[in-house]
Amino acid sequence: MSKKFSVPRGTNDILPEDSPQWQMIELKSREILKNYNYKEIRTPIFEETELFARSMGQTSDIVQKQMLNLASQRKDENENIQLSGLSLRPENTASVVRSYVQNSMDRKESLTKLFYFGPMFRGERPQKGRLRQFHQVGVEAIGPNSASPYLDAEVISLSVEMLKSFGLNTFKLKINTLGSPEDKNAFSGMLRDKLCVHLGKLCDDCKLRFERNVFRILDCKDKECKDIVKSIDLDHSYLSKESSEYYSEVKKTLDTLGIEYEESLDLVRGLDYYTHIVFEISDSSLGSQDALGAGGRYNDLVSQLGGAEVDAVGFALGIERIILARQKVEVDKLSSLSTYVIALDYASMQKAFTMLNVIRNNCISSDMSFGVSSLKSQMRAANKAGAQFVLIFGEDEVSKNTVTIKDMREGSQRSINDDEVVQYLTGILKR
Ligand code: HAM
């Protein structure tokens, strides 16, 4: 027997029965994003590996352990495969900033508000809610005019609005600030001071992190490291007066908007590019991988990637996790069909198929079984497709240039001339 193939580990098919959820999320997102005046951007799913290393940081877990690098066609003299220098995108902020710089968007407008949907790729150990290919909807607001606490509040409230529109309401928003790059330096100094007495008890990874990137210790999943992090008293003493005032204004604006949040002094996020505000939205029903989405400000990334000195803020939501959290919410059937065409014999097929196309060309959704089987089995197929009306063609209808129309909801049926079908259906469906 021939081998059967399965999807690669950590990836999923999105089957037709799952699609309505995805369509709903995309549709609601687009509606809200339009209201907030964000415009869509689509970038390639792979980029230069160095773009990701430079933006997220060499010491971030993603760059260290999770990059899916593309192999080159070439082999070296020992027949070893060489890397192409390209990687599948693990996230989209770096790509969007690359495009912003490449297309000189800073010269076109003082604030560029972009959004994206698409697959991201991380070579993680798969588990519930943690995939190798997953999808994000995200936004990035970039430009000389973007260093405003009101824009931070807009971005945070937008993420909350989107999640609510998907029917979620048990999530929690956590926020923190890392301050300016100088404040962030002071923060890492403070962390080293507080953690150095515990150094011997940290896991091996965290011992390295202590030297290379002390913030990563705050995200460590090791129980002992977690307990140590809990035991050290964190405060905002590393913040300058300016950064502190900026943070207060963001919080005040969130309060005015009635957005509930919790301040979490150990929230630092796993990517190096963040400065000032960082936030994460989680839902405890998801278990250990509980982040529905996250984001923050990244004021230095554009210049680090060769662009102008402009500021930026954004977030991304994980669509698979949203769907997991929504599981109990009833999904509306987005994809019901207006009509289903039935041919009772081969002699009626030409007429039935022509009608199918006439109806579709008049913007009425329609389908058929493309074969001739019993009325009963074709009616079953029409029912399964969610058709509102069934159009039946048989010997009698063809000879009289008529069609039998059955209203599936009311159960009634009538015969009308075949050249009146479109007008008839348009009138009824409008109502
Ligand atoms: P992130 O926290 O790495 O941030 O990812 C955002 C969201 O993507 C997570 O909260 C989660 O819902 C989802 N996600 C991440 N990894 C996986 C995975 N392996 N499987 C399933 N879902 C996953 C970013 O990606 C930043 N680019 C967000 C951002 C935009 N910051 C500023 N602008």
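The structure presented is a predicted model; accordingly, all values stated were derived computationally and were not measured.

Rules used throughout
Residues numbered from 1 in each chain as written. Predicted model: local features only at pLDDT ≥ 70, side-chain atom pairs only at ≥ 80, totals over all residues. Heavy atoms only, no water. Pairing = 2+ DSSP bridges. Helix = DSSP H or I, 4+ residues; strand = E, 2+ residues; numbered from the N terminus. Axes fitted to C-alpha atoms, helices over the stretch in contact; angles between N-to-C directions. Contact = heavy atoms within 4.5 Å. Buried < 20%, exposed > 50% of the residue type's maximum accessible area, 1.4 Å probe, protein only.

J.: Talk me through the sheet that holds strand β12 (residues 339-343); I want residue IDs and the actual numbers.
T.: The strands making up a sheet associate through hydrogen bonds between their backbones, and the pairing can be parallel or antiparallel. Sheet architecture is open: 5 strands sit in the order β13-β12-β14-β15-β16, paired in mixed fashion. Edge strands, defined here as strands with exactly one partner in the open sheet, are β13 (366-368) and β16 (413-417). Taken pair by pair, the neighbouring strands of this sheet meet at an average axis angle of 25°, ignoring direction. Where strand β14 (residues 389-393) lies against strand β15 (residues 402-407), 4 bridges are found, and the strand directions are antiparallel. Within the sheet, the bridge partner assigned to L391 lies in β15 and is I405. Running at roughly 165° to β12, helix α13 (residues 375-384) makes contact with β12, β14 and β15 of the sheet.

J.: Run through the sheet that holds strand β2 (residues 46-48), naming residues and quoting values.
T.: Taken in spatial order, the 3 strands line up as β2-β4-β3 in an open sheet, and their pairing is antiparallel. Every other strand in the sheet has two partners, leaving β2 and β3 (69-75) as the edge strands with one partner each. In this sheet, neighbouring strand axes are inclined to one another by 50° on average, regardless of whether the strands run parallel or antiparallel. Alignment of β2 against strand β4 (residues 81-88), held across 3 bridges, turns out to be antiparallel. Pairing of F46 across the sheet is with L88, part of β4.

J.: Run through the side chain of S243, naming residues and quoting values.
T.: Note on placement: S243 falls in helix α9 (residues 241-257). For S243, a relative accessible area of 3% translates into the label buried. Not counting the four nearest positions on each side in its chain, S243 is found in contact with G179, S180, D183 and H276.

What is shown is where atoms sit, not what they do.
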